[in-house]
Amino acid sequence: MTPSRFCLAAGIVFLAAVSLLAQTTTGTLTGVVTQAGIPLPGVSVTISSPNLQSTRRDMTNQAGAYNFGALPPGEYTVRFDLEGLRTAMRRVHVGVAQDARADAALSVLALEEVITVRAAAPAVAETTEVQTNFQQQLIEDLPVARSITGITGLAPGVVAGVNGFQISGGMSFDNLYTVNGAVIQENLRGQPHNLFIEDAIQETTVQTAGVSAEFGNFTGGVVNAVTRSGTNRYSGSLRDSMTNPRWTARSPDIFVNAGGVPTRTSAGANLDQLNQVWEATLGGRIVRDRLWFFLAGRQSENESERFLSNSTIPYVAVTTDERQEAKVTGAITSRHSIVASYMNTPLEQVNNCQFGCYDLEAVDPFIRFPNNFVSAFYSGVITNNFLLEARYAEVNFEFDSLGGDDAGLATGTPINLTSPGFNTYANAPPFSGIETTDVRDNESIGLKGTYFFGSRAFGNHSITAGVDRFHETRRANNHQSATGFRIVSRTFAPQRAGGQTLVSLMPAIGSVVRDFAWWFPIQLQSQGSDLTTDALWVNDKWDLGSRFSSNLGVRFDRNDSSDSQGRKVADDRKISPRLGVAYDMLANGRLRLIASYGTYVGRLAESVAGITSAAGTPSAFAFAYEGPELRDLPTAEVARRFFEWFNANGATNRPTIAAIIPGFTTRLQGTLQSPNAAEWTVGASTQFGRGFIRADFIHRNWDDFYAAVTNRSTGTVTSPTGARNDLLVITNSNDLDRTYDAVELQGQWHVARHLDIGGNYTWAETRGNTSAEDVNGGPFATITKQYYPEYRDFSWNNPTGFLPTDQTHKLRAWATLGFDTHLGNFNVSVLERFDSGSPYSLTGSIDIRQSANFYGPGQPGGVPNPGYVTVPTGVTYYFSDRGQFRFDDLTATDLALNYKTNRAWLAGVSLFVQGEVLNVFNEDAATAVNASVLTHLQDPSLRRFNPLAGDVPLEGVHWRKGPLFGLPTAATSGQAAGSFQLPRTYRVSLGVKF
């Protein structure tokens, strides 16, 4: 089907059924009623829940089926009535973004009516989607962070990535996180904001594969969270959660050989400060069964000890976090309802360090981040078979006062220290607190229609059709410093003396650049980007008999986006099939086979889509330092002398060694497409008693990567300064590779009344030759085989192998055991964690430019310039296979003890206390080590080599390991504890509930 015909068909469905929004905050409940194995029509099905205003009632159709949509998550009681047959009742949990099921087999009425109540199977075991649902009570019992990310980290297929979690091998910027239907992700890196209050989270569903057509704008996973609502009963809580840096044990000490003197790097906190997080909730009725309210608040002022880079010098950072939530649930009539919620989470920080701070002058004294969202949701039962839903959500976020406030060249210019073993800043903070405009907002709007029908011959169909729009914008003038300059010192290591930072600048030697400076002018103010995705989708949840079920769907996404200069950057259309089937081999849940196929289209990356825009984006000009040698001088004096030489020798009119001018040196090739992934899964599940086990094999591969191209055909451009530059073209490419293969195993078992066990295990491989993101800039365009192709070969420059976030084994296993005593209720829980070590490679930068003395005096060699304006001064070389080595495996046992008083003691009020011990046995795995490699570029005593000429590098001759090789990486920033897993840590919380 062509895109135009698809749009027409989807439009007809939309007009006939009015449609949907994907970021759902509700669930569905369906089932089949039989008698002696024969479907029963006309059975009255009534559902009730403390989370549902009033009750809802339906009648089974000719196929004995019923369906309830747009249900608020919670525990439901389902009652089945038909005259002449015994009434049956089921209890079932309806989860957020889940399809729950409760079947019933009615029997002939005996002399005395008997009502049976049984729990239905969990939706996770039956659905074609690979998902995990976490309810509030389990999270409160376990020794885990109660945040959205803390909960997400419990799910299978989720690993720590460059900027955040990577789900099923996807990039960390390419997940979808929602709270109450609002997309809570930050625009640039795609990471979730803290737009929640922990005690207010009701439940969270993490979808890792087999995702239905309702969801878009991701190639990783989908995380849906919903907060609590009011009920007919008044309830509330007050919690005080306490931590203290002294309650965390010391990590192993590290001794760094600095200048020939062994120096001990601190591996533990010295600050003795009680940090408290206060949370309060209150909910109840305004009008019984018609109007409910829910309020929540959170306040914390956290003091933490930080260390200046490459030192044991501490300073205290203070973060003030205040959050407020308000939510109203109203029944317009018994068939129409609306939910509106508001969340405000402004954050303030004192002593913020963005990328590493070598001295206090680089620490930003104060920043503020306003952040909030509003969402509204409507659902209406138009007929017993037709349900209509609508949603609107808006998220607002901005930076305020981030960066340096001193515009003086000597005292306000950051110095980037990048000599071997260093990657940090001195003299002044990066960015500019003088120019504070950086707004990152999004909004989503949509409609959803659900129509349910069925027959004995053709089974039961729940058809949903929808349309939604997701729009995000960033309006920023991205000043890189208060002065517009940044000095880079990379030749000699900095020193500390007399409370000052001493830095060196060395002049260039011939064509060899040693230290240099960047200039970042903004030549055009930002108009604000306009990234919009419109989507249409149709999905048929089809049940045929008691054994076969399927999700048959298709989604159409259109990206229509402009950058901050108002120029079109995307006009992309993609059709994504989403197909899933399940077959119950024995018709009793004991062996269910599951398979799915689908494609996912990611959201357009702001950092890539806006890279060619000059509006709000700084140009970057690099100038080699060619002045007098400056050795071990205070930072402000180094900056003063640099600018004294710089301004006396042409200043910004000097020749550049590199230049990046958005819109000139970097351009789009046509318009961008969003990266996308194709996936197929096969799995099986079994149910037993009050438990289940499910296993799924998942395979994914990605296409249409963001890519950077510069070759002889791309040509050159002349910048406004008159300088000629090679043109960098941003496009999409399939020259790159990224694949994910995994087996996810999960299960739970309610062993006895007070004993539950559960957990999950993931075996996975993430392979390829692109990470597609970094910690500083988020998503980026990866260099391809057509990026200066004369100077690189992917076999040694960018080979395929294990990517940095590959994690072969991940285990999360837990057990909770409760005791009811006359002293109160006790609950003990244990969580066992295992994460196999992530991979790393031996890589270094080599210079293979042609030189008359390439191999030594009078021994020419290297690659001649085929006609570029500039050629790479260094290209990456892999001295090992990609991902050949591994960091330590991480194991930990966490323990929690919960106690609460009996409610009867204090007229319905209970007191509770929770104590947690993380990493009980104080395991101390090093989670990251320095793997720096030196070549001739860093150590002239090492010989050059040219792999394109067949040269094979030898360790000790052409390369050697860096002086800090093998040391935990945070040792180089003075925070050794950051290189190890969290040591034994104690946490305590207490409060009241009613």
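Please read all numbers here as calculations on a predicted model, not as lab measurements.

**Describing the overall build of the chain**
Link 1 in the chain: Each helix and strand counted, the chain has eight helices and 69 strands in total.
Link 2 in the chain: Its C-alpha radius of gyration of 30 Å places the chain within 12% of the 30 Å reference for a compact globule of 994 residues.
Link 3 in the chain: Once the C-alpha set of the chain is aligned to its principal axes, its extents read approximately 105 × 65 × 50 Å.
Link 4 in the chain: Burial analysis of the chain (994 residues in total) assigns 56% to the buried set.

**A word on the confidence of the model for the chain**
Link 1 in the chain: Taken residue by residue, the chain gives an average pLDDT of 91. The fraction at 70 or more is 93%.
Link 2 in the chain: Looking across the chain, the model is least confident in helix α1 (residues 3–17), with a mean pLDDT of 36, and most confident in strand β56 (residues 801–802), with 98.
Link 3 in the chain: A low-confidence stretch, residues 1–22 stays under pLDDT 50, and its non-local contacts, those more than four residues away or across chains, total 56 contacts.

**Regarding the sheet that holds strand β44 (residues 666–668)**
Link 1 in the chain: Strand order in this open sheet of four strands is β44-β50-β47-β55, and the pairing throughout is mixed. Of all strands in the sheet, those with a lone pairing partner are β44 and β55 (782–787), marking the two edges. In this sheet, adjacent strand axes meet at a mean angle of 40° when their direction is disregarded.

**A closer look at helix α7 (residues 635–648)**
Link 1 in the chain: Under the 1.5 Å per step criterion, the end-to-end length of α7 is 20 Å for 14 residues, consistent within 8% with the ideal 20 Å.
Link 2 in the chain: Among the residues making up α7, those that are buried are T635, V638, A639, F642, F643, W645 and F646. Taken down its axis, α7 places every buried residue within 160° of arc, on the same side. Opposite the buried face of α7, by more than 90 degrees, sit the exposed residues E644 and A648.

**Description of the environment of F802**
Link 1 in the chain: Turning to its location among the elements, F802 is positioned in strand β56.
Link 2 in the chain: Of the residues examined, F802 reaches a relative accessible area of 22% and is grouped as partly exposed.
Link 3 in the chain: Distance from F802 to D881, taken between C-alpha atoms, is 8.7 Å for residues 79 residues apart in sequence.
Link 4 in the chain: Excluding residues within four positions of it along the chain, F802 makes contact with E765, T766, R767, P839, R882, G883 and R886.

**Comments concerning the sheet that holds strand β33 (residues 485–489)**
Link 1 in the chain: Taking strand neighbours across the sheet as the criterion, the six strands line up as β30-β29-β33-β36-β41-β43 in an open arrangement whose pairing is mixed. The open sheet has two edge strands with one neighbour each: β30 (424–426) and β43 (658–660). Neighbour-to-neighbour, the strand axes of this sheet turn through a mean angle of 25°, independent of strand direction.
Link 2 in the chain: With three bridges connecting them, strand β29 (residues 415–417) and β33 associate as parallel partners. Looking at β33, one finds that I415 is bridged to I487.
Link 3 in the chain: Against the sheet, α7 makes contact with β29, β30, β33, β36 (516–519) and β41 (620–624), and its axis sits at roughly 110° relative to β33, the strand it touches most.

**Some details on a negative patch on the surface**
Link 1 in the chain: On the surface, a cluster of negative charge is contributed by E832, D888, D889, E923 and D924.
Link 2 in the chain: Tracing the sequence through the fold places E832 in strand β58 (residues 824–835).
Link 3 in the chain: Given the relative accessible area of 31%, E832 is considered partly exposed.

**A short note on unusual backbone geometry**
Link 1 in the chain: At N427, a position not held by glycine, the phi torsion is positive, near 80°.
Link 2 in the chain: Its place among the elements puts N427 in the loop between β30 and β31 (438–455).
Link 3 in the chain: At D704, a residue that is not glycine, the phi angle is positive and equals roughly 60°.
Link 4 in the chain: Tracing the chain through its elements places D704 in the loop between β46 (691–703) and β47 (705–710).
Link 5 in the chain: Using a relative accessible area of 13% as the deciding quantity, one classes D704 as buried.

**Quick look at the state of the cysteines**
Link 1 in the chain: Using the criterion set out here, one finds one disulfide in the structure.
Link 2 in the chain: Here C353 pairs with C357 through a disulfide, and the sulfurs are 2.2 Å apart. The sign of the 120° torsion about the S-S bond sets the C353-C357 disulfide as right-handed.
Link 3 in the chain: Judged by relative accessible area, C357 falls into the buried class, the value being 4%.

**What about the nonpolar core?**
Link 1 in the chain: Ranked by size, the top nonpolar core spans 30 residues in total, and within it F134, I148, L154 and F373 carry the most contacts.
Link 2 in the chain: Once you skip the residues sitting within four places of it in the chain, L154 turns out to touch F134, I139, L142, V144, N760, K810, R812, W814 and L831.
Link 3 in the chain: Ranked by size, the runner-up nonpolar core spans 24 residues in total, among them F485, F643, A651 and I661.

**A short note on the packing of aromatic side chains**
Link 1 in the chain: Across all of its chains, the model carries 39 aromatic pairs by this definition.
Link 2 in the chain: Taken together, a centroid distance of 6.0 Å and an interplanar angle of 55° make the contact between F642 and W645 tilted. Of the two residues, F642 and W645 both sit in helix α7, three residues apart, roughly one turn of that helix.
Link 3 in the chain: With a relative accessible area of 1%, F642 lands in the buried category.
Link 4 in the chain: Residue W645 is classed as buried on the basis of its relative accessible area, which comes to 12%.
Link 5 in the chain: Between F688 and W749, the ring centres sit 6.0 Å apart and the planes meet at 70°, which makes this aromatic pair edge-to-face. With F688 in strand β45 (residues 676–688) and W749 in strand β51 (residues 738–752), this pair connects stretches of sequence that are 61 residues apart.
Link 6 in the chain: Since its relative accessible area comes to 29%, F688 is described here as partly exposed.
Link 7 in the chain: Under the relative-accessibility criterion, W749 is labelled partly exposed at 38%.

**A look at the side chain of Q207**
Link 1 in the chain: Along the chain, the position of Q207 falls in strand β16 (residues 201–209).
Link 2 in the chain: The residues touching Q207, leaving out its near neighbours within four places in the chain, are A97, E129, V130, Q131, I167, F215, G221, V222 and N224.

**Concerning the side chain of E198**
Link 1 in the chain: Note on placement: E198 falls in the loop between β15 (182–183) and β16.
Link 2 in the chain: Take E198: its relative accessible area is 12%, and that puts it in the buried class.
Link 3 in the chain: For E198, the side chain forms a polar contact with the side chain of R298, separated by 2.8 Å.
Link 4 in the chain: The residues contacting E198, other than those within four sequence positions of it, are Q136, R146, S147, E279, R298 and R323.

**A few points about the pairing of strand β50 (residues 728–733)**
Working note: regular strand, side chains alternate between the two faces of the sheet.
Link 1 in the chain: With five of six residues buried, β50 lies mostly within the body of the structure.
Link 2 in the chain: Here β44 pairs with β50 via three bridges, running parallel. Note that in β50 the partner of T666 across the bridge is L728.

**What to know about a nonpolar patch on the surface**
Link 1 in the chain: Where nonpolar side chains cluster on the molecular surface, the patch consists of L552, L579, V581, Y597, W680 and V682 and spans about 490 Å² of accessible area.
Link 2 in the chain: Tracing the sequence through the fold places L579 in strand β39 (residues 568–584).
Link 3 in the chain: The class of L579 is partly exposed, set by a relative accessible area of 40%.

**What to know about the pattern of salt bridges**
Link 1 in the chain: Throughout the structure, instances matching the rule amount to 46 salt bridges.
Link 2 in the chain: A single salt-bridge network, built from bridges that share partners, covers E140, R146, D199, R239, E279 and K993.

**Thoughts on the environment of T686**
Link 1 in the chain: Tracing the backbone through its elements, the reader meets T686 in strand β45.
Link 2 in the chain: A C-alpha to C-alpha distance of 14 Å links T686 and G758, two positions 72 residues apart in sequence.
Link 3 in the chain: When residues no more than four places from it in sequence are discounted, the contact partners of T686 are G589, R590, G691, F692 and I693.

Rules of the game
- Residues numbered from 1 in each chain as written.
- Predicted model: local features only at pLDDT ≥ 70, side-chain atom pairs only at ≥ 80, totals over all residues.
- Heavy atoms only, no water.
- Helix = DSSP H or I, 4+ residues; strand = E, 2+ residues; numbered from the N terminus.
- Rg over C-alpha atoms; globule rule 2.2 N^0.38 Å.
- Buried < 20%, exposed > 50% of the residue type's maximum accessible area, 1.4 Å probe, protein only.
- pLDDT = per-residue confidence, 0-100.
- Contact = heavy atoms within 4.5 Å.
- Pairing = 2+ DSSP bridges.
- Axes fitted to C-alpha atoms, helices over the stretch in contact; angles between N-to-C directions.
- Expected span 1.5 Å × (residues − 1).
- Arc of directions from axis to C-beta.
- Patch = residues over 30% accessible without salt bridge, like charges linked within 9 Å, V, L, I, M, F, W, Y side chains within 5 Å.
- Areas by Shrake-Rupley, 256 points an atom, 1.4 Å probe, with all protein chains shown as cover.
- Salt bridge = Lys/Arg side-chain N within 4 Å of Asp/Glu carboxyl O.
- Lys, Arg positive; Asp, Glu negative; His and termini not counted.
- Charge placed at Lys NZ, Arg CZ, Asp CG, Glu CD.
- Disulfide = S-S within 2.5 Å.
- Core = buried A, V, L, I, M, F, W, Y, C linked by side-chain atoms within 4.5 Å.
- Phe/Tyr/Trp six-rings, centres within 6.5 Å; stacked < 30°, edge-to-face > 60°.
- Polar contact = N/O pair within 3.5 Å; in protein donor to acceptor, adjacent residues only side chain to side chain.

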